[in-house]
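Examining the three-dimensional arrangement
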Amino acid sequence: ELWDAYEQARAAAQGRLADATLVSASTQWQQPDEHALLAGARDWSFVFYSAEQKSVLDVAVSTGEAQVVKQTRVWVAPGILAEGKWRAGPRDALLAFLACEGEAFLADHPETVVDLNLAQGEDGDPVWTVVALDVSDRSALAVSIDGETGSVVAYTS
């Protein structure tokens, strides 16, 4: 699902700015359980960067339709995501999150919102970040997973 949404978003971004390259991808679930997370997401948000225009494009993909929703000029070039193992999607990252107390957190906090983000990490490699936030008591769990190796690189509860 991620790759299909990415292809649609990339076509929309490059239709606006031909040199647009991927900066990040993200999605969100409201009050999910383990099965809802692993079933995937239908709605994705992507950010693309155009070096030629020194601009970023925000592209939303929902129900198979991609739309450029905003173009913003930037002064510092963001980190670009090279194609890699992240193309397979976030399943392994979500499994790592669930194994790092995520499953228990979701069970104990039914009002949780889960955000998933893919972006370049400090070392330049892709990193999946999964953040669960209980909107009722503000408790949170965050797990970052290396997009190439699948190993947990940061964990905060």
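Worth saying up front: this structure is predicted, and the values here are computed from it rather than measured. (Residues numbered from 1 in each chain as written. Predicted model: local features only at pLDDT ≥ 70, side-chain atom pairs only at ≥ 80, totals over all residues. Heavy atoms only, no water.)

**Topic: the pattern of salt bridges**
Overall, the coordinates contain four salt bridges when judged by the stated rule. Where D58 meets K70, a salt bridge forms, and the shortest distance between an N and an O atom there is 3.9 Å. Here D58 is found in strand β3 (residues 55-62), whereas its partner K70 is found in strand β4 (residues 65-73), with twelve residues between them in sequence. Judged by relative accessible area, K70 falls into the partly exposed class, the value being 45%. Between R87 and E83 there is a salt bridge, with its nearest N and O atoms 3.6 Å apart. Sharing partners across several salt bridges, the network here consists of E7, R10, E83 and R87. (Salt bridge = Lys/Arg side-chain N within 4 Å of Asp/Glu carboxyl O. Helix = DSSP H or I, 4+ residues; strand = E, 2+ residues; numbered from the N terminus. Buried < 20%, exposed > 50% of the residue type's maximum accessible area, 1.4 Å probe, protein only.)

**Side note on the side chain of S55**
Mapped onto the fold, S55 is located in strand β3. Look at S55 and you get buried, because its relative accessible area is 5%. A polar atom in the side chain of S55 sits 3.1 Å from the backbone oxygen of Q53. (Polar contact = N/O pair within 3.5 Å; in protein donor to acceptor, adjacent residues only side chain to side chain.)

**Comments concerning the nonpolar core**
Residues L37, W44, F46, F48, V59, F97 and W128 are the most contacted members of the largest nonpolar core, which totals 38 residues. Taken together, the elements giving at least two residues each to this core come down to α1 (2-16), β1 (21-30), β2 (44-50), β3, α3 (91-108), β5 (112-120), β6 (126-134) and β7 (140-146). Among the elements that line this core, the one with the most residues is α3, at eight residues. (Core = buried A, V, L, I, M, F, W, Y, C linked by side-chain atoms within 4.5 Å.)

**Comments concerning the sheet that holds β5**
Within a sheet, neighbouring strands are paired by backbone hydrogen bonds and run either parallel or antiparallel to one another. In space, the eight strands of this open sheet follow the order β4-β3-β2-β1-β5-β6-β7-β8, with antiparallel pairing throughout. Each edge of the open sheet is held by one strand with a lone partner, namely β4 and β8 (152-156). Strand-to-strand twist across the sheet, computed as the mean angle between neighbouring axes with direction ignored, equals 15 degrees. In the sheet, β1 pairs with β5 via seven bridges, with the strands oriented antiparallel. Looking at the pairing, A25 lines up with L118 of β5. α1 contacts β1, β2, β3, β4 and β6 of the sheet and is inclined by roughly 40 degrees relative to β2. Across the sheet, α3 is in contact with β1, β5, β6, β7 and β8; its angle to β7 comes to roughly 165 degrees. (Pairing = 2+ DSSP bridges. Axes fitted to C-alpha atoms, helices over the stretch in contact; angles between N-to-C directions. Contact = heavy atoms within 4.5 Å.)

**Comments concerning the confidence of the model for the protein chain**
Note: predicted coordinates in regions of low pLDDT should not be interpreted at a detailed level. In this model, the protein chain carries a mean pLDDT of 94, and residues with pLDDT of at least 70 account for 100%. Averaged pLDDT values for the elements of the protein chain fall to 91 in β8 and rise to 98 in β2. (pLDDT = per-residue confidence, 0-100.)

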